[in-house]
Amino acid sequence: EEALTDLNQAISIRPDDANALTIRARLFWGRKQLDDALKDFERAIELDPKWVWPLNGRGLILHDQGKYNEAIEVFDSSLNLNPDQAPAHEYKANA
């Protein structure tokens, strides 16, 4: 719970910090708070659309929600930015 409190404080100070949003999204995802995780990943993508980590995170959330076609589209977008990232290829194969 302390981690979430610290992340919330960091984001309140720097609401445009894509890194903090991505870390909080991963925390939410681990807690199965998928809607909150998706919201943070999507905001991080808005802030830094060329950063593949929040893109991959968004794809994984969509996969967990059973939205496989949407997840594949997200992984394709991530791979278009960086085709050499093995995780996105693995995630796409599992979707």
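Cut-offs used in this document
Residues numbered from 1 in each chain as written. Predicted model: local features only at pLDDT ≥ 70, side-chain atom pairs only at ≥ 80, totals over all residues. Heavy atoms only, no water. Helix = DSSP H or I, 4+ residues; strand = E, 2+ residues; numbered from the N terminus. Contact = heavy atoms within 4.5 Å. Areas by Shrake-Rupley, 256 points an atom, 1.4 Å probe, with all protein chains shown as cover. Lys, Arg positive; Asp, Glu negative; His and termini not counted. Charge placed at Lys NZ, Arg CZ, Asp CG, Glu CD. Salt bridge = Lys/Arg side-chain N within 4 Å of Asp/Glu carboxyl O. Buried < 20%, exposed > 50% of the residue type's maximum accessible area, 1.4 Å probe, protein only. Expected span 1.5 Å × (residues − 1).

Colleague: Run through the overall build of the chain, naming residues and quoting values.
Modeller: Each helix and strand counted, the chain has six helices and zero strands in total. Reading the secondary structure of the chain in the N-to-C direction produces α-α-α-α-α-α. Counting only contacts in the chain whose residues sit at least 6 apart along the sequence, the fraction spanning at least 24 positions is 39%. Accessible surface, the chain: about 5,700 Å² in total, of which carbon and sulfur atoms supply 48%. Once the 11 positive and 17 negative side-chain charges of the chain are each reduced to a mean point, those two points are 1 Å apart.

Colleague: Just give me the short version of the pattern of salt bridges, but keep the residues and values in it.
Modeller: Scanning the entire structure with this criterion turns up six salt bridges. Between arginine 24 and aspartate 40 there is a salt bridge, with its nearest N and O atoms 2.6 Å apart. Note that arginine 24 is positioned in helix 2 (residues 18-30) and aspartate 40 in helix 3 (residues 34-47), a separation of 16 residues in sequence. Residue arginine 24 is classed as buried on the basis of its relative accessible area, which comes to 14%. Linking lysine 92 and aspartate 76 is a salt bridge whose minimum nitrogen-to-oxygen distance equals 2.6 Å. A residue pair is termed long-range when its members are at least 10 positions apart, and lysine 92 in helix 6 (residues 86-94) and aspartate 76 in helix 5 (residues 68-81) qualify at 16 residues. Linked by salt bridges that have partners in common, Asp16, Arg43 and Glu46 make up one network.

Colleague: Give a detailed account of helix 4 (residues 52-64), specifying residues and quantitative values.
Modeller: Taking 1.5 Å of rise per residue, 13 residues should cover 18 Å, and helix 4 covers 18 Å from first to last C-alpha, within 8% of that figure. Within helix 4, burial applies to Val52, Pro54, Leu55, Asn56, Gly57, Gly59, Leu60, Ile61 and Leu62.

Colleague: How would you explain helix 5 if you had to name every residue and give the values?
Modeller: End to end, helix 5 covers 20 Å across 14 residues, agreeing with the expected 20 Å (1.5 Å per residue, within 8%). Summarising the contacts, the buried residues of helix 5 are in contact with helix 4 and helix 6.

Colleague: Explain unusual backbone geometry to me, and be specific about the residues and the numbers.
Modeller: Unlike most non-glycine residues, lysine 32 shows phi in positive territory, near 65°. Summarising the element assignment, lysine 32 is placed in the loop between helix 2 and helix 3.

No statement about biological role is implied by the geometric values presented.
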